[in-house]
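Next come the chains, spelled out residue by residue.
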Amino acid sequence: MIPYVREIDVAYGRCDQLSPLIRRVICNNPGPFTFVGTGTYIVGRGEVAVIDPGPDDAAHLEAILAATSREKITHIVITHHHSDHSPLAAPLKARTGAAIYGCAVAGHAEDEGEVKMEAGHDLDFRPDVSVCAGGEIAGPGWTLEAIPTPGHTSNHICYALKEENCLFSGDHIMGWSTTVITPPDGDMTAYLESLATIRARGFSTLWPTHGPPIREVTPFIDAYVAHRQERVDQILNALEAGPARIRELVPRLYADVDPKLWPAASRSMLAAMIHLVRKGQLAADGEPGPETAYRLA
């Protein structure tokens, strides 16, 4: 069982001091993909970085500016291009002159028929400074290290705050929920590798963009990995009975889940199928896809 952490004191627009170097303002955009809303982090004092400013919301923009009214925002830092994370970057830059840091995504436009498993894509996101390959972002008394963590999206970046041995984990690791992995931009193989990368760093705290911090980092990541492996084992066990397509497997493996959620489960299962074909554990009749027949290799 994943030891979820979901208790959080929310007052939209309020700036909360979380640690000596970290403050947070939560946007009033609660929902099935955002939990209580987007948590925008302010790092440092005097000259500060803003991490994941959030959706293009005028009230949230004013709340961020009010929280930093006696300071200068010098860096706008983005974990990935989903519409609950990055759209406010451009308006915030227009008001402050700060440069935007992040990783541009190549090529995944939203499909009208695509199962909606996220809050949508910010297809206009273009950082001023690319950290796709990692790098450092620094200000007076604070240092952020960009750590590429593809999986949830191809361009996901986590940011380590060196002075506090903590990580702003975006949607890569969240305390309130598992992370959505949906092809083509999401990739299960890359995601599991990224989890191992973060686990090896030994961070004392994770600060997700949605929800409260994760303090017991290693056990939490281990439970995240075990959850993914359990789903993989279910698929492998089901295919012992013979070849099958995703639409045939989902009703069997998700029998205890509301059928309305089966389309979303199908997208998640596709990510697992692609991963298992790559590993040589499954064979597919053609390119892995929603209608492909899969069998044990």
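Being a predicted model, the structure only gives us computed values, none of them experimental.

S.K.: So what exactly am I meant to see when it comes to the packing of aromatic side chains here?
M.R.: Describing an aromatic ring pair means giving the distance of the ring centres and the angle of the ring planes. Tallied over the entire structure, the rule returns four aromatic pairs. Seen in terms of ring centroids, Phe-35 and Trp-176 are 4.8 Å apart; in terms of plane orientation they differ by 10 degrees. Their pairing is stacked. Placement of Phe-35 in the loop between strand 2 (22-26) and strand 3 (39-43) and of Trp-176 in the loop between strand 11 (166-170) and helix 3 (188-201) is noted, with a sequence separation of 141 residues between them. Taken together, a centroid distance of 6.0 Å and an interplanar angle of 65 degrees make the contact between Tyr-41 and Trp-207 edge-to-face. Taken together, the residues span a long stretch of sequence, with Tyr-41 in strand 3 and Trp-207 in strand 12 (residues 205-208) at a distance of 166 residues. Take Tyr-41 and Trp-207: they sit in the same class, and that class is buried.

S.K.: Honestly, the state of the cysteines in this entry has me stumped. Any pointers?
M.R.: Among covalent bonds in proteins, the disulfide is the one between the sulfur atoms of two cysteines. Counted according to the given criterion, the structure contains one disulfide. Residue Cys-103 pairs covalently with Cys-132 via a disulfide, S to S 2.1 Å. Judged by the torsion about the S-S bond (100 degrees), the Cys-103/Cys-132 disulfide is right-handed. Taken together, the positions of Cys-103 in the loop between strand 6 (99-102) and strand 7 (129-130) and Cys-132 in the loop between strand 7 and strand 8 (135-139) put the pair 29 residues apart, joining distant regions of the chain. When its relative accessible area of 9% is taken as the criterion, Cys-103 is described as buried. Residue Cys-132 is classed as partly exposed on the basis of its relative accessible area, which comes to 35%. The thiol sulfur of Cys-27 is not disulfide-bonded, and the nearest other cysteine sulfur, from Cys-15, lies at 14 Å. Cysteine Cys-166 is unpaired, with the sulfur of Cys-158 as its nearest cysteine sulfur at 12 Å.

S.K.: Where do I start with the pattern of salt bridges in this structure?
M.R.: Any two side chains of opposite charge can pair if their charged atoms end up close together. This model, assessed by the stated rule, comprises 11 salt bridges. With a shortest N-O distance of 3.0 Å, Arg-23 and Glu-71 are connected by a salt bridge. One end of the pair, Arg-23, is in strand 2; the other, Glu-71, is in the loop between helix 1 (58-67) and strand 5 (72-77), and 48 residues separate them in sequence. Because the salt bridges share partners, they merge into one network encompassing Asp-9, Arg-14 and Asp-16.

S.K.: Looking at this model, I keep getting lost on the pairing of strand 5. Mind explaining?
M.R.: Side-chain positions along a regular strand alternate between the two faces of the sheet. Among the six residues of strand 5, five are classified as buried, and the element is accordingly described as predominantly covered. As judged from the five bridges shared by strand 4 (residues 47-51) and strand 5, these two strands associate in the parallel manner. Pairing of Ala-49 across the sheet is with His-75, part of strand 5. With respect to chirality, the unit in which strand 4 leads through helix 1 into the neighbouring parallel strand 5 is right-handed.

Cut-offs applied
- Residues numbered from 1 in each chain as written.
- Predicted model: local features only at pLDDT ≥ 70, side-chain atom pairs only at ≥ 80, totals over all residues.
- Heavy atoms only, no water.
- Phe/Tyr/Trp six-rings, centres within 6.5 Å; stacked < 30°, edge-to-face > 60°.
- Helix = DSSP H or I, 4+ residues; strand = E, 2+ residues; numbered from the N terminus.
- Buried < 20%, exposed > 50% of the residue type's maximum accessible area, 1.4 Å probe, protein only.
- Disulfide = S-S within 2.5 Å.
- Salt bridge = Lys/Arg side-chain N within 4 Å of Asp/Glu carboxyl O.
- Pairing = 2+ DSSP bridges.
- Right-handed = clockwise from strand over helix to strand, strands pointing away.

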